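Report on the structure
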Amino acid sequence: MVVVMSPDATDEDVAAVVARVEAVGGEANVSKGVTRTIIGLVGDIESFHHLNLRTLRGVADVHRISDPYKLVSRQHHPDRSTVWVGTGRQVPIGPDTFTLIAGPCAVETPSQTLDAAQMAVAAGATLLRGGAFKPRTSPYAFQGLGVRGLEILADVREATGLPVVTEVVDSRDVAVVAEHADMLQVGTRNMANFGLLEAVGAAGKPVLLKRGMTATIEEWLMAAEYIARRGNLDVVLCERGIRTFEPSTRNTLDISAIPVVQATSHLPVIVDPSHAAGRKDLVVPLARAAMGVGADGVIVDVHPDPESALCDGPQALLGSELRELASAVRRLPAALGRVDASERAREG
Ligand code: PEP
Ligand code: MN
């Protein structure tokens, strides 16, 4: 942490800062410049926060140098992490591979879910997505099948071998979702639901943490830190678009967030081009962009009959379109030094 004194700060003002820092066991290194003095602090950053140094006379600014998120930061964990998903056959999401996750936005019926999963398998996807608990803007919209949807997902996993990622919207449902799913998704609307983050952190399953649609990258990483603090470092971040003034897409995919996050956090980062755009014609170009910029995978909506979908039909791909996406993205990994995640799956 660095304290910047104002140009008119006196020697007494500087001494008062030094005394406060030393009183909590810290070290204060004073450098006098031509117009200003700056004081570099060494020691326990949390104890410095409680000193409220900004309120002292002569203090112009206080800057934090280290990341506020310790566990997910690369500062103490320089190598990027791989998260393994599934029991039995485990699928990697991480820096050496590219993982394709596909499935319906919502689980509607057993046959719709199975059909969508078979489209995912045919395209070479390695994980199945599908919502049983749906966070809907309207209370009158389809809310998902709940526990029945989880059972359908578990049956479809049995039939296809694809591990399942599904959303949990309420901390009271974490146990039942963890019992049925291989990975728990926290959606954009719940990224800052700290009770839910702590609950999924304690559930013993990998977590897919979507970026809040109005969250900064730092807020997103702090949300991941909540999960990590509960002892769960198996967190995959998902950029799914942020809300901007642009109405031609549902959200604006913040493509720069991927390399920014990868530079500061060791956690894998994937992209959801379906929820970002809300339009299926943009899913392939955005998936390509995601790969090019270094994402560790993509998660896309697919539906056997998008016109009848109960949720997000306009962004759902058909099986042939998913295969096109898969072959488009599959040409890129080799050039980017990655292999398809299915080639690195392992027995766990
Ligand atoms: C979803 O993936 O089904 C979903 C609701 O996504 P998001 O939270 O990104 O809107
Ligand atoms: Mn959706």
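The notes below deal with the structure included here. (Residues numbered from 1 in each chain as written. Chains lettered and ligands numbered in written order. Predicted model: local features only at pLDDT ≥ 70, side-chain atom pairs only at ≥ 80, totals over all residues. Heavy atoms only, no water.)

1. With respect to the coordination of the manganese ion (ligand 2)
Basically, it comes down to this: A donor here means any N, O or S atom no more than 2.8 Å from the metal (3.2 Å for Na, K and Ca); water is not included, so a site may seem to lack partners. Helix numbers and strand numbers start at the N terminus; a helix is a DSSP run of H or I with at least 4 residues, a strand a run of E with at least 2. The buried label goes to any residue with under 20% of its type's maximum accessible area, the exposed label to any with over 50%, and the partly exposed label to all in between, with areas taken from a 1.4 Å probe on protein chains only.
Here the manganese ion (ligand 2) is held by Cys105 (SG), His275 (NE2) and Asp312 (OD), and the distances to it run 1.9 to 2.3 Å. All donors to the manganese ion (ligand 2) come from one chain, and their sequence spacing reads C-x169-H-x36-D. In this pair, His275 sits in helix H9 (residues 273-277) while Asp312 sits in the loop between strand S14 (297-301) and helix H11 (319-335), placing the two residues 37 residues apart along the sequence. The burial state of His275 is the same as that of Asp312; both residues are buried.

2. A look at the nonpolar core
Heads up, the rule is: The definition of a nonpolar core used throughout is a set of buried Ala, Val, Leu, Ile, Met, Phe, Trp, Tyr and Cys residues joined through side-chain atoms within 4.5 Å. The contact criterion used is simple: two residues touch if any of their non-hydrogen atoms lie within 4.5 Å.
Counting 68 residues, the largest nonpolar core has Val200, Leu209, Leu237 and Leu325 as the members making the most contacts within it. The leading source of residues in this core is helix H7 (residues 217-229), at seven residues. Those residues within four positions of Leu209 in sequence are excluded, and the remaining contacts are Val186, Met191, Leu197, Trp220, Ala223, Ala224, Ile227, Val235, Val236, Leu237 and Cys238. One finds Val17, Val21, Ile39 and Leu56 within the second-largest nonpolar core, a separate group that totals 17 residues.

3. Regarding the site of ligand 1
To be explicit about the condition: The near set for a molecule or strand comprises every residue that places at least one heavy atom within 4 Å of it. Any pair of nitrogen or oxygen atoms within 3.5 Å is treated as a polar contact; in protein, a donor-acceptor pairing is required on top of that, and neighbouring residues in sequence qualify only through side-chain atoms on both sides. Computed with the Shrake-Rupley method and a 1.4 Å probe, the accessible areas treat only the protein chains shown as cover for residues. Charged means Asp, Glu, Lys or Arg here, nonpolar means Ala, Val, Leu, Ile, Met, Phe, Trp, Tyr, Cys or Pro, and polar covers whatever is left, Gly included.
Near ligand 1, the surroundings consist of Arg129, Lys134, Glu167, Gln185, Gly187, Thr188, Arg189, Lys210, Arg240 and His275. Arg129 is positioned with one of its side-chain polar atoms (N or O) 2.7 Å from an oxygen atom of ligand 1. Between ligand 1 and Thr188 there is a distance of 2.8 Å, counted from an oxygen atom to a backbone nitrogen or oxygen. Taking 290 Å² as the accessible area of ligand 1 by itself, protein coverage stands at 97%. Class assignment of the residues belonging to the shell around ligand 1 gives a composition of no nonpolar, four polar and six charged.

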